[in-house]
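Residue-level structural notes
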Amino acid sequence: MLAIRVHQLGGPEVLQIDDIPVPAPDRGQLRLRVEAAGVNFIDTYLRTGLYKVGLPFLPGMEAAGVVTAVGEGVSGFHLGDRVATTHAIGAYAAETLVPADKAMVIPAGLDTRTAAALLSQGLTAHFLATDTFPLKAGDSALVHAAAGGVGLLLTQIAKMRGARVLATVGSDAKAALAREAGADAVCVYTRENFSEAARRFTEGRGVDVAYDSVGKQTFEGTLDSLRPRGLFVSYGNASGPVPAFAPLVLAQKGSLYLTRPTLNHYIRTTEELRARVADLFAWVAAGKLKVRIGATFPLPAAGEAHRALEGRGTTGKVLLIP
Ligand code: NDP
């Protein structure tokens, strides 16, 4: 079968297409015929070596498709079931293995591509808005990169919870998408000062919470956007990781709180994972949460997909289609 493999760390060109044997599921695993694989920023961090992984490796963790084999000890799944996951062992492939306890049956009304597009970024938006800072009516939230995969979903969930959202985006076209997702105000932060926008948005006070996935380039400005004792949620590094800083800066900026959360710690049990996914599926079914698939690429063009994502050329979700 065709699969993307990474034999050495580096740029998008290291995403190489190889012909490898179809894997057999181990105990507790399913095998899926991949209909769509989600492209996520974390795939680029693994490819470059920012996050550590052994070589060679099979990139891609998010997939949706059809069960083609069921490993020993698995119950509740059958050949032909449509399933989605954020824990595929090499989603950029014609077929992939998945731990059964991380597989979700896709509801009948939901198409497979939308399921592939929803899970990683939807689960992230879900935990950020409901647990890292449980948003409530009237809270003010700064959402960076609001036209991106996580950003569009986070903006919509924040609005569902009654919060006021100041979105930042890199272009006017992205601003229109953030507004459509419900943002109350939008700042094109490539040409406007977003900390000043945050002050204006809150009558000088500063926002209650800032969700920052951009990292290095926005760190200082995000600190300056928060109210005293506000929460800085640093959850990504799209522009590079935040450099080391002295905790004293948090006192100087208003006794701020800072957290660096990651999805796996918010889906630690199968129950927690399934409860969050159930919310996402229900919101999509009810038409409350819209999933935007901004681009699809054929599997061999995985490098092109990474280039687009890292080059700020995408909106919503990017999918690879085997
Ligand atoms: P996005 O679709 O949001 O793409 C990244 C966006 O970041 C770009 O479109 C761009 O939007 C913005 N950006 C700003 N500066 C840069 C830069 N220098 N280079 C590249 N992009 C830049 O990606 P995802 O939705 O997949 O992920 C969003 C973030 O969420 C990532 O940082 C990712 O690591 C993080 N994440 C964290 C998780 C966690 O568990 N902590 C889980 C999932 C995702 P614009 O042009 O509008 O600025």
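Okay, so let's go over this structure. Fair warning: this is a prediction, and the values are worked out from it, not measured in the lab.

Glancing now at the packing of aromatic side chains. The way to describe two aromatic rings as a pair is by their centre distance and the angle between their planes. With the rule as written, the count across this model stands at six aromatic pairs. Centroid distance Tyr45 to Tyr51: 4.8 Å. Interplanar angle 55°. Geometry classified as tilted. Their ring planes at 45° and their centres at 5.3 Å tell us that Phe219 and Phe232 sit as a pair that is tilted. On the criterion of sequence distance, the pair formed by Phe219 in helix 6 (residues 219-223) and Phe232 in strand 12 (residues 226-234) is long-range, its members being 13 residues apart. Each member of the pair, Phe219 together with Phe232, is buried. Connected via pairs of aromatic rings, a cluster forms that spans Phe41, Tyr45 and Tyr51. The aromatic ring of Phe201 is capped on one face by Arg164, whose charged end is 4.1 Å from the ring centroid.

Attention now goes to the site of the ligand. Around the ligand, 28 residues are found, and the nearest of them are Gly170, Lys174, Tyr189, Leu263 and Arg312. Measuring from an oxygen atom of the ligand, one finds a backbone N or O atom of Val150 at 2.8 Å. Contact distances for the ligand include 2.7 Å between an oxygen atom and a backbone N or O atom of Leu263. Residue composition of the shell around the ligand, by class: twelve nonpolar, twelve polar and four charged. When we break the shell around the ligand down by domain, the ones giving at least three residues each are domain 1 (2-119 + 268-321) and domain 2 (137-260).

Of all the eleven residues making up strand 3 (residues 29-39), nine are buried; the element is thus mostly covered by neighbouring parts of the structure. Direction of pairing for strand 3 relative to strand 4 (residues 62-70): antiparallel, over a ladder of eight bridges. Within strand 4, the residue paired with Arg31 across the bridge is Ala69. Pairing geometry for strand 3 and strand 15 (residues 317-321), over three bridges, is antiparallel. Within strand 15, the position partnered with Gly38 by the bridge is Leu319.

The next subject is the environment of Gln156. For Gln156, the location among the structural elements is in helix 3 (residues 149-160). Along the backbone, Gln156 and Ala146 are ten residues apart, and their C-alpha atoms lie at a distance of 9.9 Å.

Where nonpolar side chains cluster on the molecular surface, the patch consists of Leu9, Val53 and Leu55 and spans about 220 Å² of accessible area. With respect to the secondary-structure elements, Leu9 resides in the loop between strand 1 (2-6) and strand 2 (15-19). Leu9 gets classed as partly exposed once you look at its relative accessible area, which sits at 38%.

Cut-offs applied
Residues numbered from 1 in each chain as written. Predicted model: local features only at pLDDT ≥ 70, side-chain atom pairs only at ≥ 80, totals over all residues. Heavy atoms only, no water. Phe/Tyr/Trp six-rings, centres within 6.5 Å; stacked < 30°, edge-to-face > 60°. Helix = DSSP H or I, 4+ residues; strand = E, 2+ residues; numbered from the N terminus. Buried < 20%, exposed > 50% of the residue type's maximum accessible area, 1.4 Å probe, protein only. Lys NZ or Arg CZ within 6 Å of the ring centre and 35° of its normal. Near = heavy atom within 4 Å. Polar contact = N/O pair within 3.5 Å; in protein donor to acceptor, adjacent residues only side chain to side chain. Nonpolar A, V, L, I, M, F, W, Y, C, P; charged D, E, K, R; others polar. Domains from an automatic or database assignment. Pairing = 2+ DSSP bridges. Patch = residues over 30% accessible without salt bridge, like charges linked within 9 Å, V, L, I, M, F, W, Y side chains within 5 Å. Areas by Shrake-Rupley, 256 points an atom, 1.4 Å probe, with all protein chains shown as cover. Salt bridge = Lys/Arg side-chain N within 4 Å of Asp/Glu carboxyl O.

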